[in-house]
Structure formats: structure tokens, C-alpha cells
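# A look at the structure
The residues making up each chain are set out below.
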Amino acid sequence: MADATDTSSEARPSGFAPAVDVPAREGRPPTRRLTGVDVARGLALIGMIIVNVGPAEAQGLLHRLYLLPYGRASILFVVIAGLGMGFMLRPRPGVRTPWGVVLWRAAILLLGGLALQRLTDDVSVILPVYGVLFVLGLVVHRAPRAVVLGLALVMTVVGPVLYVGHLLTAGADHHTGPPLELGNPVAEVVHGLVLSGRYPLVTWCVPFLVGLWVSRLDLRDRAVLHRMVVWGAVAAVLGFALSLLSMSILDREGDVGYARLLTGAAHGQMPLWLVSSVGGALAVVAACVLLGSRAPWFTGPLIAAGRLALTLYVLHVLVLAAVKPDGGFTLAQGMAVSAVLTVTFLVLAVLWRRVADVGPLEWVLRASWWRTAR
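Attention in this report is confined to the structure presented alongside it. All values derive from a computational prediction rather than experimental measurement.

About the thresholds
- Residues numbered from 1 in each chain as written.
- Predicted model: local features only at pLDDT ≥ 70, side-chain atom pairs only at ≥ 80, totals over all residues.
- Heavy atoms only, no water.
- Helix = DSSP H or I, 4+ residues; strand = E, 2+ residues; numbered from the N terminus.
- Buried < 20%, exposed > 50% of the residue type's maximum accessible area, 1.4 Å probe, protein only.
- Contact = heavy atoms within 4.5 Å.
- Axes fitted to C-alpha atoms, helices over the stretch in contact; angles between N-to-C directions.
- Parallel < 35°, antiparallel > 145°, perpendicular 65-115°, else oblique.
- Left-handed = near helix turned anticlockwise from the far one by under 90°.
- Nonpolar A, V, L, I, M, F, W, Y, C, P; charged D, E, K, R; others polar.
- Expected span 1.5 Å × (residues − 1).
- Polar contact = N/O pair within 3.5 Å; in protein donor to acceptor, adjacent residues only side chain to side chain.

### Here's the deal with the environment of proline 200
Note that proline 200 resides in the loop between α7 (186-196) and α8 (201-214). The exposure class assigned to proline 200 is buried, which follows from its relative accessible area of 0%. Residues proline 200 and glycine 159, spaced 41 residues apart in sequence, show a C-alpha to C-alpha distance of 8.9 Å. Excluding residues within four positions of it along the chain, proline 200 makes contact with Tyr163, Gly192, Leu193, Val194, Leu195 and Gln269.

What follows is the structure, encoded as C-alpha cells:
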């Protein structure tokens, strides 16, 4: 969830993740804001609302269409986070790497996310893994572009293998434990964040690394964006088609042992799901950047929501913790609640942006006091 801000000599981080600017090449004037990234983030936020409102067990065509964001919206968030981190940490003459700001964000998202998770077991809060991914960004941001992409490709296979190996060692068919929260033993939190949690680093580093790689591309070049749309869509469709094929061939045996690596269920942490969802995320980001500020009646509210992503994400978790019944919503109720939350958040975002540049939680993550002190 990276905020797109105007390009300047120093990245001004705000929002859920670092600033997403199109870096000006040497000798060129600063380029305009990538409003399309805000649009993509706004769409991802709506998708997360739908998924977390539920119900998650799809029954019938209408329910499947309603749950289309399941396993995709969160990946889109993380791809955008990697994209923003890549721009924020991109070397600039005379500008030092903002280690302090990034570590501040990582600590706030990690501890704040674990604290937020204590309020509900119905929503798996994604914030803690963001904190770990930000630290990962500091580690690999100076690696060549080919190395970053290569690491993402390697972890697309190695990560799921490690995850399945953990399940076999633990004697579990799949992860069924409660989400990580503040107060859990430190060793349990670390193990969950890296390997056994709802968002294990070994697999969720893939969309983040792909986002870092994309940040090295020239996103002002429409040809680059068109290729991202095409190849992203191809990966999304191919990964999904292969997962359906493997499911029909393997049947019930496909979810046992290392045969699970050939499946592609959403949030299953397996390679086909990673390929399909990351490819779809790239296509969405590129399409939104191409769309830019066109059709302001549509993009305007999404841009506003995208720039308040952290505030609205936390707010929707708080609302669901208060109103979601123990048995969950029916499909009709879920669609109604999702629609109300979406419209309300879009309106709130537009109104807030008229009086303030950033949201309240985005202001905390900016860490302006740190840069002033330095």
C-alpha cells in the first residue's frame, strides 16, 4: 500500500508503504505523480474489504464472482508495497538511504498489526508481514535488477517447498492455527512470520520482490506498461488454468504431501497461485497507471482511498471486529455490508483529502520528526 507522491530530490514517504514516484532520469525534470498506483491500491482495499466481510465459502456463480478478490487483493497490496519501497530506497545523489524511517515503519506495522489482531480472529491482519518485508527491502534494495527477479523466481518454488515441509513436519494437513497476535511468545511470532503463519515470509516475499523489480522499470514508458498488462494477464490466466487442470487430475490426492505443490488454491501458498495472483497484480497496476487520471469520476475516489490505505484498512478491521457475527454473514448480508463500507470509505477519503494531505495513521508512518532531527 504505497502512496504516490510527487517526485522530488528526496522521497517523502507517506501512506501504508513508501512513496511511489516515477524517478526522473539524470538531466530530466521531475515527473508527475503516478496516480494510477493510487487507483490500484484503492481497488485492492475494496477487494480486502470484500474478502474480510465474507462469507468466504463460495457457493454458486454469484458468490464466486463476489469473491473474485480472494487471494488476489492482498497480493496486489504487497506488490504495490514492493514497488513503493523500491522507489523510496532507489539511490539518489546526495541522499542517504532512509534506514531510520523504514525501520520505524517496520516496527509500527509489526507491533501495531499484532495488537490489532487481538481484536478479532475473523480477519487475518496483514500488517505484521509488512513490517518484515520492509526490513527485507533494506537488505536487497541495492541488488541488481536481475538478482531481485531471480530471487523472486527461486522463492516461487523454494518458498512453497519449505511451507509444505513445515506442514509435514508438524503433522498438519494445512495451517489451521489462530493468527499471530501481540502477547504470543516471541519464538512463536518469529516462526509464524517466517514460515507457519497466515502470511509466511517464505512465500509472501515473492510479490514484494516482484514489486521491487518493477520499480526498476521505466513506468513512464507506455510500451513497458502494455507488456506488463499482457504478460501479467497471461501469467494470471495460465496459472489459474493449470491449477484447475491439476485439481481435476489429482482430485483428493492433490492436497496431500508434496503433491500440494501442483495445486493453486487461493492463499494455499503454492507456486501456481503465486504465479497467477502476482501476474494479475502486475496487469492491474500497469492498467491503472495507463488509465492515470482519466475518468476522474471513477478514479478520483479510488485515488483518495488509496492514499489513506492504512487508515481505512485499520478502520475496516475495527468495524468488522465490532459488527461481524460469530457465524459470519450470509451472502446477501456480506454483499450489503461490503457495499456500505466501500461507499462510506470512498466518501470519507474524498472528504478527508479536501482538508488534509495524509490520513492520521499515514502521518504516523511519515516519521517527519526523524528527518527533521537528522
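### Remarks on the packing of helix α1 (residues 35-53) against helix α3 (residues 73-88)
Closest axis-to-axis distance for the α1/α3 pair is 8 Å, and the angle between their directions is 150°. With respect to their mutual orientation, α1 and α3 come out roughly antiparallel. When you trace α1 past α3, the crossing you get is left-handed. Here α1 contributes Val37, Ala40, Arg41, Ala44, Leu45, Gly47 and Met48 to the contact with α3, which in turn contributes Ala73, Ser74, Leu76, Phe77, Ile80 and Leu83. Here the contact of α1 with α3 is built from residues that sort into 10 nonpolar, 2 polar and 1 charged.

### Some points on helix α9 (residues 222-250)
When the terminal C-alpha atoms of α9 are compared, their 41 Å separation across 29 residues agrees well with the 42 Å that a helix rising 1.5 Å per residue should span. Within the span of α9, buried status applies to Val224, Leu225, Met228, Gly232, Ala235, Ala236, Gly239, Ser243, Ser246 and Leu250. Contact partners of the buried residues in α9: α8 and α10 (271-291). N-capping of α9 is provided by aspartate 221, with a side-chain oxygen placed 2.9 Å from the backbone N of alanine 223. Two residues or fewer after α9 comes aspartate 251, characterised by a positive phi angle close to 55°.

### A closer look at the side chain of histidine 141
With respect to the helices and strands, the residue histidine 141 is situated in the loop between α5 (127-140) and α6 (145-170). With relative accessibility at 8%, the residue histidine 141 sits in the buried group. At a separation of 2.9 Å, a polar atom in the side chain of histidine 141 contacts the main-chain carbonyl oxygen of leucine 138. Not counting residues up to four positions away in its chain, the partners in contact with histidine 141 are Leu89, Thr97 and Arg216.

### Here's the deal with unusual backbone geometry
Cis geometry marks the peptide bond from glycine 54 to proline 55, where omega comes out at 5°. Within the secondary structure layout, proline 55 lies in the loop between α1 and α2 (61-66). A positive phi angle is found at glutamine 269, which is not glycine, with a value near 70°. Within the secondary structure, glutamine 269 sits in the loop between α9 and α10.

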